[in-house]
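Descriptive structure summary
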Amino acid sequence: MSRYDQSETIVAIATPPGEGGIGIVRLSGPDAVKIASELFRTKNGQAPLKLKTYTMHYGHIVDGESKDNRAPYRRGNARPTCAVVDEVILTVMRAPGSYTKEDVVEINCHAGIRALERVMELVLKHGARLAAPGEFTRRAFLNGRIDLSQAEAVLDVIRSKTEGSLKVAMGQLEGELSRNVNAILEKVMNITAEVEASIDFPEEGLELPRRQELAEKADSVVKELELLAKSYKNGVVFREGVLAIICGKPNVGKSSLMNLLLKRDRVIVSPIPGTTRDAVEETINLNGVPIRLVDTAGISSAGDALEKEGVRKSKSYLNMSDIAILMFDASTPLDGADRDMLNLVGGKKKIVVLNKIDLAESRVLSGIKNALGDNAVVEISVKDRRNIDALEGAIRDAVLGGGYVQGESAVVSNARHKEALDNAVSAMLSVKRAIGEELSPELVAIDLKEAIFNLGLVIGKSVSDDMLDRIFGQFCIGK
């Protein structure tokens, strides 16, 4: 019997552990309503087998075999018949109108861990089995309610940390990516049908006009695929965020800027150079983009062993970062250490920030800008909170390239999807080349099938059980 036998009814606690107002025990499968009926009693004694779909009912989960009469279940003035385990709200969702397209029952309990465990133990005792990670969503996919890209989006919705990442995930969950991939897949299959017709009826052949037409269709598909794959650059930013490091000499205002961007006092600020000795990392939501912001120790050659270790860690973060926010003191001319910092950052994507603009003299400021050459500069004053909006805009533009507007089109945010789309592009380029070189239709058909296979990987039309195990193994047990 398969580990994922869909003839079995599964159960899991669907809410995080800990104390709270509500905890949910979820059942799905052919016996979900039957098992719930054996455990649940409404106030008037009605059983869930008689309840309509999409209805919620107040009552109790009871244990008919318990010897514990501290909380006995009674009917009217009758003698206790079984022990009450919890006071609950029970929801019945019958197939196919449920998350999994199976009968689903959700038991809303008090969110104490023992109450939830007792309810789940009773469900297991009455014939259900514990769900595997992601098995509810896996059943939704296998039963055709959602495709694989939508199933993966469920996890992205759960993990979303910003409004931007949530919008990208919801777009995929609602089928934006699926619709695009299916539309492209249909075009590839139409090309395939024409090529295979020439194989089945060789007397018709692929004459030059037909070859030119098919080559144009293949080129159109390539452009659509490349545009979709290109969206990954921004999609992965919204999904995973970027690592941005604030770096500079000691006492240029790095920690103050960190606190200002976080909108709270997270880092100790002091006029004494070298106060920050370790890297401090926090995630901020910058106009919908999740950014892992790191305040580092000031980079200099002086200091004791502890300070030198902080400098070493700062350089390590700089190497790992996606973007460097390079800070200088606008009130003093650039020195050798500042120039060393510029060289250290090198060709990495950077934002040059001149802080303490409120103290800057025009002559000194002009000299600094000349020394910075072609580097774009954002002038700010952390003390006066001047131009912080401009800095935030510069960070967002550096992350996204300044040209992405959410909601314009489908966005690819999953590395697995990007790889499959890239492979489909390569296959379609081979199709275009083979048609142009007048190779045999059989060879063209091989590349077309490769493109179809890779597009199927995105939406789950050509996917192995091992791949499903890897995808759904990332989910929590109750989803």
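The structure contained in this document is the topic of the report that follows. (Residues numbered from 1 in each chain as written. Predicted model: local features only at pLDDT ≥ 70, side-chain atom pairs only at ≥ 80, totals over all residues. Heavy atoms only, no water.)

Attention shifts here to the overall build of the protein. Within the protein, the regular secondary structure consists of 16 helices and 14 strands. Counting every position in the protein, which comprises 479 residues, the buried fraction comes to 48%. Restricting to contacts in the protein with at least 6 residues of sequence separation, those with at least 24 account for 68%. In the form shown here, the protein has an accessible surface area of approximately 23,500 Å², with 51% of it arising from carbon and sulfur atoms. (Helix = DSSP H or I, 4+ residues; strand = E, 2+ residues; numbered from the N terminus. Buried < 20%, exposed > 50% of the residue type's maximum accessible area, 1.4 Å probe, protein only. Contact = heavy atoms within 4.5 Å. Areas by Shrake-Rupley, 256 points an atom, 1.4 Å probe, with all protein chains shown as cover.)

A few words on the sheet that holds strand E14 (residues 377-379). Taken in spatial order, the six strands of this open sheet run E10-E11-E9-E12-E13-E14, and their pairing is mixed. Looking at which strands have only one partner, the edges of the open sheet turn out to be strand E10 (280-286) and E14. Mean inter-strand twist for the sheet, computed between neighbouring axes without regard to direction, equals 25°. The sheet contact formed by strand E9 (residues 242-248) and strand E12 (residues 323-329) spans five bridges and is parallel. When the bridges of E12 are listed, Ala244 appears paired with Ile323. Helix H12 (residues 362-372) rests against E12, strand E13 (350-355) and E14 of the sheet, and its axis sits at about 165° to E13. (Pairing = 2+ DSSP bridges. Axes fitted to C-alpha atoms, helices over the stretch in contact; angles between N-to-C directions.)

This part takes up helix H14 (residues 415-436). Along its 22 residues, H14 runs 32 Å from first to last C-alpha, staying within 8% of the 32 Å computed at 1.5 Å per residue. Along H14, the residues that are buried comprise Arg416, His417, Ala420, Leu421, Ala424, Val425, Ala427, Met428, Ser430, Val431, Ala434 and Ile435. Following H14 by one or two positions, Glu438 has its phi on the positive side, about 60°. (Expected span 1.5 Å × (residues − 1).)

On to the nonpolar core. With 48 residues, the main nonpolar core has Leu225, Met428 and Leu455 as its most contacted residues. Elements represented by at least two residues in this core include exactly helix H3 (135-142), helix H4 (148-159), helix H6 (176-200), helix H7 (208-230), helix H8 (232-240), H14, helix H15 (441-459) and helix H16 (465-472). The element that contributes the greatest number of residues to this core is H14, accounting for nine residues. Setting aside anything within four residues of it in sequence, one finds Leu225 in contact with Ile184, Leu421, Ala424, Val425, Met428 and Leu455. Counting residues in each nonpolar core, the second largest holds 33 residues, with Val242, Leu257, Leu293 and Ile325 among its members. (Core = buried A, V, L, I, M, F, W, Y, C linked by side-chain atoms within 4.5 Å.)

Time to look at the environment of Val294. Within the secondary structure layout, Val294 lies in strand E11 (residues 289-295). As a C-alpha pair, Val294 and Ala244 span 50 residues in sequence and 6.3 Å in three-dimensional space.

Quick look at the packing of H8 against helix H13 (residues 388-400) now. Closest axis-to-axis distance for the H8/H13 pair is 9 Å, and the angle between their directions is 125°. With respect to H13, the element H8 is oriented oblique. Contacts between H8 and H13 involve Asn234, Val237 and Phe238 from the first element and Arg396, Val399 and Leu400 from the second. Considered class by class, the residues forming the contact of H8 with H13 number four nonpolar, one polar and one charged. (Parallel < 35°, antiparallel > 145°, perpendicular 65-115°, else oblique. Nonpolar A, V, L, I, M, F, W, Y, C, P; charged D, E, K, R; others polar.)

Tallying each qualifying case throughout the model produces 26 salt bridges. A salt bridge links Lys34 to Glu38, with the shortest nitrogen-to-oxygen separation between them at 3.1 Å. Of this pair, Lys34 and Glu38 both sit in helix H1 (residues 32-39), four residues apart, which is roughly one turn of the helix. Residue class for Glu38 comes out partly exposed when judged on its relative accessible area of 31%. For Asp422, the salt bridge identified is with Lys418, shortest N-O distance 2.7 Å. Taken as a pair, Asp422 and Lys418 lie in helix H14 at a separation of four residues, close to a single helical turn. If you follow the salt bridges from partner to partner, you end up with Glu8, Glu102, Arg129, Glu135 and Arg139 in one network. (Salt bridge = Lys/Arg side-chain N within 4 Å of Asp/Glu carboxyl O.)

Attention now moves to the packing of helix H9 (residues 254-262) against H13. Where H9 meets H13, the axes come as close as 12 Å, and the angle between the chain directions of the two elements is 85°. Taken as axis vectors, H9 and H13 run roughly perpendicular relative to one another. Residues Leu257, Leu260 and Leu261 of H9 pack against Ile388, Leu391, Glu392 and Ile395 of H13. Of the residues that constitute the contact of H9 with H13, the class distribution is six nonpolar, no polar and one charged.

The topology assignment puts Asn454 in helix H15. With a relative accessible area of 3%, Asn454 lands in the buried category. Setting aside chain neighbours within four positions, we find Asn454 in contact with Ala420, Asn423 and Ala424.

With that settled, consider the packing of aromatic side chains. Scanning the model with the defined rule gives two aromatic pairs in all. Aromatic side chains Phe141 and Phe472 sit 6.5 Å apart centroid to centroid with 35° between the ring planes, which places their arrangement in the tilted category. Pair noted here: Phe141 is in helix H3 and Phe472 is in helix H16, with a separation of 331 residues, a long-range link. You'll find Phe141 and Phe472 in the same group, each marked buried. Seen in terms of ring centroids, Phe472 and Phe475 are 5.5 Å apart; in terms of plane orientation they differ by 45°. Their pairing is tilted. One exposure class covers both Phe472 and Phe475, and it is buried. (Phe/Tyr/Trp six-rings, centres within 6.5 Å; stacked < 30°, edge-to-face > 60°.)

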